[in-house]
Structure formats: C-alpha cells, structure tokens
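Chains, contacts and geometry: an overview
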Amino acid sequence: MLDPELLERITARRAELDELEEQLAKQLAEVRAERDELAVAERVLDRVSEQLADERASAAPAPGQVGGRAVMLIPHRTPDVEETMLPPDYQRILAAVRQAAGPVMARQVGEMLGVDVTVRARLEPLRGRPVRLVDRGWLRKLPDGRFTTRL
C-alpha cells in the first residue's frame, strides 16, 4: 500500500511542475513573439537605411548638363547635406572664407586659393562661386559685397 503522505507530496510536486511548465510555455511564447517583432524591426530598419542612402545619394552633387557641357550642381544647405557633398573647389572656398579674419571679397578668396587675380579671366569665374554658395545657404553676402560664413 502506498504511503498517503508520499502520494500527497508527489501530487503537490506534479502540480508545481505543471504550473512551472505553464509559466515556461508562456515565457517561451513571449520570447518567440518578441523575436518575431525584432525580425520585423530589422527588416524595417534595412528598408529605411536603404531609403536614406538613396536620398543622400540623390542629394549629392550630381553632374548636370548646361549648354552641352557637364557641370556640377551645388546642393542647398540642409541639416542632412554635409559640406563634403560639395565639389572640392567649393569646399576650398568655404575653408578660405572661414580662415579669413573677417568678411572677404572674392578677390581675397582668390588670393587665398592661389588664383592669379590680376588675370581677369581667372578672377571672374571665381566671383560666381561664392555667390552660388550664398544662394544655396552655405555663405552669407554682406551689403558691401563681402562674403562671410553663416552663423
């Protein structure tokens, strides 16, 4: 004959194990659900990253055509457009204006860049570049015609 006390302990332990199994099954279901959510989040993140990369690539200066000649377009200054997206010549102009002790004329920018400003054919194309940077929000033009960095 079985000991009733032992039988009671076995029954109690079985009940504990059943309860534990139920808790573990619930936790396993929660873990699987969270894992599924993470997989979805990863796919969304991948898509968003691809879209951002595409948008950044489209915001990069792209060669355009003017009069049958390839020209580099200057992007507007926005929080997501970095200075490095500007063509190298325009980056040098920005650096020269920053290094100046104060506002500078286009002629001074040319001198800082090593352009022979005594030759009109070299200075005139340079004059338009700071103006383009002003139009796109990279520089500021003072009423007296001098250029300075934006604050």
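Summary of the structure given here. (Residues numbered from 1 in each chain as written. Predicted model: local features only at pLDDT ≥ 70, side-chain atom pairs only at ≥ 80, totals over all residues. Heavy atoms only, no water.)

A word on the packing of helix α2 (residues 88–99) against helix α3 (residues 106–113)
The description of two packed helices rests on the angle between their axes and on the distance between the axes. Put simply, α2 and α3 touch, their axes get as near as 10 Å, and they point 105° apart. Relative to α3, the element α2 lies roughly perpendicular. In this structure, α2 contributes Arg92, Ile93, Ala96, Val97 and Gln99 to the contact, and α3 contributes Val109, Met112 and Leu113. (Axes fitted to C-alpha atoms, helices over the stretch in contact; angles between N-to-C directions. Helix = DSSP H or I, 4+ residues; strand = E, 2+ residues; numbered from the N terminus. Parallel < 35°, antiparallel > 145°, perpendicular 65-115°, else oblique. Contact = heavy atoms within 4.5 Å.)

Focus: the nonpolar core
With 18 residues, the main nonpolar core has Leu86, Leu133 and Trp138 as its most contacted residues. At the level of elements, α2 and α4 (120–135) are the ones that each hand at least two residues to this core. A per-element tally of this core places α2 first, with 5 residues. Sequence-distant contacts of Leu133, defined by excluding residues within four places in its chain, comprise Ile74, Leu86, Tyr90, Ile93, Leu94, Trp138 and Leu139. (Core = buried A, V, L, I, M, F, W, Y, C linked by side-chain atoms within 4.5 Å. Buried < 20%, exposed > 50% of the residue type's maximum accessible area, 1.4 Å probe, protein only.)

Remarks on a negative patch on the surface
A cluster of acidic residues, Glu42, Asp46, Glu50, Asp54, Glu55, Asp80 and Glu82, forms a negative patch at the surface. Note that Asp46 resides in helix α1 (residues 4–59). A relative accessible area of 48% places Asp46 in the partly exposed class. (Patch = residues over 30% accessible without salt bridge, like charges linked within 9 Å, V, L, I, M, F, W, Y side chains within 5 Å. Areas by Shrake-Rupley, 256 points an atom, 1.4 Å probe, with all protein chains shown as cover. Salt bridge = Lys/Arg side-chain N within 4 Å of Asp/Glu carboxyl O. Lys, Arg positive; Asp, Glu negative; His and termini not counted. Charge placed at Lys NZ, Arg CZ, Asp CG, Glu CD.)

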